[in-house]
Amino acid sequence: MYKNIFIAIGFALVGCQGNSQKKEIVQETTEKKETKFSVVKTEAEWQKELTPEEFYVLRKAATENPFTSELLENKKEGTYVCAACGTELFKSNTKFKSGTGWPSFYEEIEGNVAYDVDYKIGYKRTEEHCATCGGHLGHVFEDGPEPTGLRHCINGVALDFVPAE
Ligand SMILES: [Zn+2]
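So, here's what we can say about the structure.

Reading the values: rules and limits
- Every chain is numbered independently, its residues counted from 1 as its sequence is written.
- Predicted model: local features are reported for residues with pLDDT of at least 70 only, side-chain atom pairs are reported and counted for 80 or more only, and whole-chain, interface and lining totals are derived from all residues.
- In computing side-chain properties, one takes all heavy atoms of the structure into account and sets aside hydrogens as well as water.
- In short, DSSP must find at least two bridges between two strands for them to pair.
- The way it works is that DSSP assigns letters per residue, a run of H or I at least four long becomes a helix, a run of E at least two long becomes a strand, and they are numbered from the N terminus.
- Summary of the burial criterion: residues with accessible area below 20% of their type's maximum are buried, those above 50% are exposed, and those between are partly exposed, where the area comes from a 1.4 Å probe applied to protein chains only.
- Each metal site lists N, O and S donors within 2.8 Å (3.2 Å for Na, K and Ca). With water left out of the atoms, a site can look as if it is missing ligands.
- Just to be clear on the cut-offs, tetrahedral is four donors with all angles between 85 and 135 degrees, square planar is four donors and octahedral six with opposite donors over 155 degrees apart and all others between 65 and 115, and anything else goes down as irregular.
- It only takes one pair of heavy atoms within 4.5 Å for two residues to be counted as in contact.
- A cavity, in this analysis, means grid points on a 1 Å lattice covering only the protein atoms where a 1.4 Å probe fits yet has no way out; a pocket is instead an open set bounded by protein on both sides within 12 Å along at least five of seven lines, and a residue lines either one if it has an atom within 4 Å of a point.
- Grid points are joined across faces, edges and corners, and a volume is the space filled by probe spheres set on the points.
- Any residue that is not Ala, Val, Leu, Ile, Met, Phe, Trp, Tyr, Cys, Pro, Asp, Glu, Lys or Arg is counted as polar, Gly included; the first ten are nonpolar and the last four charged.

1. Re the sheet that holds strand β4 (residues 104–105)
Pairing between sheet strands relies on hydrogen bonds along the backbone, with the strands arranged either parallel or antiparallel. Across the sheet, which stays open at both edges, the 6 strands sit in the order β3-β4-β8-β7-β6-β5 with antiparallel pairing between neighbours. A strand with exactly one partner marks an edge of an open sheet, and here the two such strands are β3 (95–96) and β5 (113–118). By the bridge criterion, 4 bridges tie strand β6 (residues 125–130) to strand β7 (residues 136–141) in an arrangement that is antiparallel. Paired with H129 across the strands is H136, a residue of β7.

2. A few points about the pairing of β7
Within β7, 5 of the 6 residues are buried, which leaves it mostly tucked inside the rest of the structure. Strand direction decides the pairing type here: β7 and strand β8 (residues 151–154), joined by 4 bridges, are antiparallel. Bridged to H139 within β8 is C153.

3. A closer look at the coordination of the zinc ion
The zinc ion binds to the protein through C82 (SG), C85 (SG), C130 (SG) and C133 (SG); the donor distances cover 2.3 to 2.4 Å. Coordination geometry of the zinc ion: the 4 donor atoms subtend angles of 101 to 115° at the metal centre, consistent with an arrangement described as tetrahedral. Positions of the donor residues of the zinc ion along the chain correspond to the pattern C-x2-C-x44-C-x2-C. You can call C82 buried: its relative accessible area is 1%. Residue class for C85 comes out partly exposed when judged on its relative accessible area of 27%.

4. A look at the environment of C130
Relative to the elements of secondary structure, C130 occurs in strand β6. Each C-alpha atom of the pair C130 and C85 lies 8.7 Å from the other, and the pair is 45 residues apart in sequence. If near-sequence neighbours (up to four positions away) are discounted, C130 is found in contact with F37, C82, C85, T87, L89, N112, G135 and L137.

5. Topic: the layout of surface pockets
Its boundaries defined by the atoms lining it, the largest pocket holds a volume of some 590 Å³. Surrounding the largest pocket, 23 residues form its lining, F37, L58, R59, C133 and G134 being those nearest its centre. In this structure, the second largest pocket encloses a volume near 230 Å³. Contributing to the lining of the second largest pocket are 17 residues, with L72, E73, K95, F96 and K97 lying nearest its centre. Classifying every residue of the lining of the second largest pocket gives 5 nonpolar, 7 polar and 5 charged.

Scope: geometric values only; no functional claims are made or implied.
Right, here's the structure in full:
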């Protein structure tokens with residue numbers, strides 16, 4: 001009887017150790033991803049805070065239909081901020097008419113936009129997202145105007161516009 005209990009405890013300890021080691025490894029990898037961003041929320045929280053369109057673009061990396069953003073023709077002076085967390089992303093003086101149907105900028109506000117690579121549509125593209133919350137913004141291409149030669153092709157739904165005072 002005692003022997004059986006002892007064996008059972010012995011197994012339980014071994015079992016726990018195995019599990020905790022596994023957990024540690026999982027935690028390490030998720031932690032690495034999460035600590036990249038200073039604003040971290042659960043999917044349910046984002047879903048609550050964002051409109052369905054904002055949620056699918058910012059959190060699911062969807063692309064809005066071209067020529068649908070009300071910011072596309074916006075020529076006012078101001079700053080474009082992340083629709084999810086308010087981080088300043090693009091200045092109005094770097095916006096240009098690309099003809100693609102998506103708000104386009106030749107330069108980001110340095111340090112506030114982060115980059116990744118995706119192969120979603122079969123070839124390599126540079127994905128860009130908010131450096132604060134990780135929200136997907138769009139892609140950057142190397143066919144933009146001077147002085148950078150870059151075209152930040154951004155989903156208007158991922159942006160809010162803050163007019164200059
Ligand atoms: Zn953000």
